[in-house]
Amino acid sequence: MLEDCGTAAPDAKITETDAKDKLVAALKDSFAYCTTALANVDDAKLSEQMVVFGTRTASRGGVFVMLAGSWTDHYGTQAIYLRLNGILPPTAQPKKD
């Protein structure tokens, strides 16, 4: 889906045994790719149908809603993990003046 936004996905070849710096670099590349690709999205094609999860069809707009839901689910999980380890999640920290 994001490939259609005019930005090629990074070719990340990582394994579970890679060093932390390689994994962090791949993660940063992934975020940079998504930021660039999503910035190029406009509403002209949101009603187009596309195949997701191999066999299902959904509109591009629907896929973006699924993407946002997935991100909030992952953030919620990480926020709980942080709190269980005594760390306040970034969104719960007091605002700095």
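Up top is the structure these notes are about.
As the structure is a prediction and not an experimental result, all values here were calculated from the model.

(A) Representation of the environment of Lys45 in the model. Position of Lys45 among the secondary structure elements: in the loop between helix H1 (20-39) and strand S1 (49-52). Note on Lys45: relative accessible area 42%, which makes it partly exposed. Note: C-alpha distance between Lys45 and Ser59 (14 residues apart in sequence) is 8.8 Å.

(B) Structural context of the pattern of salt bridges. Per the stated rule, a full pass over the model turns up 3 salt bridges. Here Asp11 makes a salt bridge to Lys13, at a shortest N to O gap of 3.2 Å. The partner of Arg60 in a salt bridge is Glu48, and the shortest N-O contact between them spans 3.2 Å. Taken as a pair, Arg60 in helix H2 (residues 60-84) and Glu48 in the loop between H1 and S1 lie far apart in primary sequence, 12 residues in all. Residue Arg60 is classed as buried on the basis of its relative accessible area of 12%. Note on Glu48: relative accessible area 36%, which makes it partly exposed.

(C) Fine view of unusual backbone geometry. Phi is positive for Phe53, which is not a glycine, with a value near 55°. Note on Phe53: relative accessible area 65%, which makes it exposed.

(D) Representation of H2. For H2, spanning 25 residues, the distance from its first C-alpha to its last is 36 Å, which sits close to the expected 36 Å at 1.5 Å a residue. For H2, the full list of buried residues reads Arg60, Val63, Phe64 and Ala79. Those residues of H2 that are buried lie in contact with H1, S1 and strand S2 (56-59). Backbone geometry just downstream of H2 places Gly86 in the positive-phi region, at approximately 75°.

Definitions and cut-offs
Residues numbered from 1 in each chain as written. Predicted model: local features only at pLDDT ≥ 70, side-chain atom pairs only at ≥ 80, totals over all residues. Heavy atoms only, no water. Helix = DSSP H or I, 4+ residues; strand = E, 2+ residues; numbered from the N terminus. Buried < 20%, exposed > 50% of the residue type's maximum accessible area, 1.4 Å probe, protein only. Salt bridge = Lys/Arg side-chain N within 4 Å of Asp/Glu carboxyl O. Expected span 1.5 Å × (residues − 1). Contact = heavy atoms within 4.5 Å.

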